[in-house]
Amino acid sequence: MRDTEVLGTGVLDTEALPSFEARYTIPAVETIHDSPDEIRKKQQRVRELCAKHNAILLAHHYQRPEVQEVADAVADSLKLSQAAAKTNADVIVFCGVHFMAETAAILCPEKTVLLPDLRAGCSLAASITVEELRIWKAKLPDAVVVAYINTSAAVKAESDYCCTSANAAKVVRAIPADRPVLFLPDKFLAYVVARQTQRSNIIAYPGYCHVHKTIRPEHVVEILKEHPDAELLLHPECGCVSSCMAKAADGTLPQERTFFLSTGGMLRHISDSPASEFAVGTELGILHQLKKSFPEKKFYPVNPDAVCAFMKTITLDRVLRSLETMSPRVTVPEEIARKARRAIDRMLELA
Ligand code: 13P
Ligand code: SF4
């Protein structure tokens, strides 16, 4: 099997799908020239405004370091939605991307959810529309629909379960073995889940993240040639997962040193691992938390160009402006939120 050729899509006519790349605009990544003193002052002002508005600042692992440093919590998609669900704050400043802010708005309809830059989209979430999902579902009416959290609220509302990369296999295992599963939108994660659950009835939508897709088998070969003792940690959205799973199974890659993990799973794994070197296959923002949490260990990016420009639109200046103006605000229409909440709650009950 080629690394890009994963599970079948059932009756979905993939040729008829409009190109994924045409569905989003990748913003330019700005270089910030603030001095350490300016950063400190801006962070202090952010904290003052958070206190004034009873706001909590949630940041994903791919955020800029200075944004991660000022946050109340830095985590993966699962932990961030759990943090949103249980906060007593009146305002959630989401330093992440739009689907994450939408998930918070669905879970906390009474709170103000701010996304400091509305350009913070996600190529993976953009790869499936609710209309496409409805067509797919109509062709496979017996299937259970599992939507990755990287989807719009409207797609979640048409789904039975939500999942993140931290719990996708657990969610799929909760579905009776004889029911086909429509897994969307990430074909690479679908492949990992099919292998982990040993199910042959997972039907995958052919979407992908434009950043993780570029983490290729040849990068893995190269980095392990340079650092042969490193453990290999790969996010399941990576374009190399099917090839690496096959190689780990046939012994070409050391199975006991190859792991498929969410960003939060990587941090937990490293804390339990006796290894001192890690080849890390995901977006580069995670390196900030890894180096901070484990200063004695060494980390090597599998692809040093894997940068999510959507995540980097969130700067300290935009966080400040957002707190000063209480905008841009992310809301979800009540009818969509009510249906999407079912799928998210089912996941949170299992998580
Ligand atoms: P995690 O849930 O593993 O943090 O991943 C979110 C994401 O967008 C990966 O590209
Ligand atoms: Fe979306 Fe990929 Fe960015 Fe994650 S890294 S937010 S999946 S575009």
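What counts as what
- Residues numbered from 1 in each chain as written.
- Chains lettered and ligands numbered in written order.
- Predicted model: local features only at pLDDT ≥ 70, side-chain atom pairs only at ≥ 80, totals over all residues.
- Heavy atoms only, no water.
- Near = heavy atom within 4 Å.
- Nonpolar A, V, L, I, M, F, W, Y, C, P; charged D, E, K, R; others polar.
- Buried < 20%, exposed > 50% of the residue type's maximum accessible area, 1.4 Å probe, protein only.
- Helix = DSSP H or I, 4+ residues; strand = E, 2+ residues; numbered from the N terminus.
- Contact = heavy atoms within 4.5 Å.
- Polar contact = N/O pair within 3.5 Å; in protein donor to acceptor, adjacent residues only side chain to side chain.
- Salt bridge = Lys/Arg side-chain N within 4 Å of Asp/Glu carboxyl O.
- Areas by Shrake-Rupley, 256 points an atom, 1.4 Å probe, with all protein chains shown as cover.

1. Brief notes about the site of ligand 2
Part 1 of the argument: Close to ligand 2 lie 13 residues; Cys-122, Asn-150, Cys-209, Glu-237 and Cys-308 are nearest.
Part 2 of the argument: For the shell around ligand 2, the class distribution of residues is eight nonpolar, four polar and one charged.

2. Looking at helix α3 (residues 77-86)
Part 1 of the argument: Buried within α3 we find Ser-77, Leu-78, Leu-80, Ser-81, Ala-83 and Ala-84.
Part 2 of the argument: Buried-residue contacts for α3 involve β1 (55-60), β2 (73-75), β3 (91-95), α4 (98-107) and α14 (334-350).

3. Examining the environment of Asn-303
Part 1 of the argument: Assignment of secondary structure puts Asn-303 in the loop between β12 (298-301) and α13 (316-325).
Part 2 of the argument: By relative accessible area, Asn-303 is classed as buried at 5%.
Part 3 of the argument: Put simply, Asn-303 and Gly-281 are 22 residues apart on the chain and 6.8 Å apart in space, counted from C-alpha to C-alpha.
Part 4 of the argument: Each residue touching Asn-303, except ones within four places of it in the same chain, is listed here: Thr-214, Ile-215, His-219 and Leu-284.
Part 5 of the argument: A polar atom in the side chain of Asn-303 sits 2.8 Å from the backbone nitrogen of Asp-305.

4. A look at the pattern of salt bridges
Part 1 of the argument: Counted by the stated rule, this structure contains 20 salt bridges.
Part 2 of the argument: Linking Arg-23 and Glu-132 is a salt bridge whose minimum nitrogen-to-oxygen distance equals 2.8 Å. One end of the pair, Arg-23, is in the segment before α1 (36-53); the other, Glu-132, is in helix α5 (residues 130-139), with 109 residues separating them in the sequence.
Part 3 of the argument: Linking Lys-312 and Glu-283 is a salt bridge whose minimum nitrogen-to-oxygen distance equals 3.1 Å. Within this pair, whereas Lys-312 is found in the loop between β12 and α13, its partner Glu-283 is found in the loop between β11 (277-281) and α12 (286-293), the two being separated by 29 residues in sequence.
Part 4 of the argument: The network of salt bridges with shared partners includes Glu-30, Asp-117, Arg-119 and Arg-318.

5. Here's the deal with the site of ligand 1
Part 1 of the argument: Around ligand 1 sit His-60, Tyr-62, Asp-76, Ser-77, Asn-150, Ser-165, His-212, His-235, Glu-237, Ser-262 and Thr-263, and that is every residue in its neighbourhood.
Part 2 of the argument: Between ligand 1 and the protein, one listed contact pairs an oxygen atom with a side-chain N or O atom of Ser-165 at 2.9 Å.
Part 3 of the argument: With respect to ligand 1, the side chain of Thr-263 contributes an N or O atom lying 2.6 Å from an oxygen atom.
Part 4 of the argument: Surface burial for ligand 1 is 96%, taken as the share of its 300 Å² of free accessible area covered by protein chains.

6. Notes on unusual backbone geometry
Part 1 of the argument: Looking along the chain, the bond that leaves Leu-184 and enters Pro-185 is cis, with omega of -10 degrees.
Part 2 of the argument: Within the secondary structure, Pro-185 sits in the loop between β7 (181-184) and α8 (187-197).
Part 3 of the argument: A cis amide bond links Ser-327 to the next residue, Pro-328, at an omega of -10 degrees.
Part 4 of the argument: Structurally, the position occupied by Pro-328 is in the loop between α13 and α14.
Part 5 of the argument: One non-glycine residue, Gln-198, lies in positive phi territory at about 60 degrees.
Part 6 of the argument: Inspection of the secondary structure puts Gln-198 in the loop between α8 and β8 (202-204).
Part 7 of the argument: With a phi angle near 55 degrees, Met-326 is a residue other than glycine that sits in the positive phi range.
Part 8 of the argument: Assignment of secondary structure puts Met-326 in the loop between α13 and α14.

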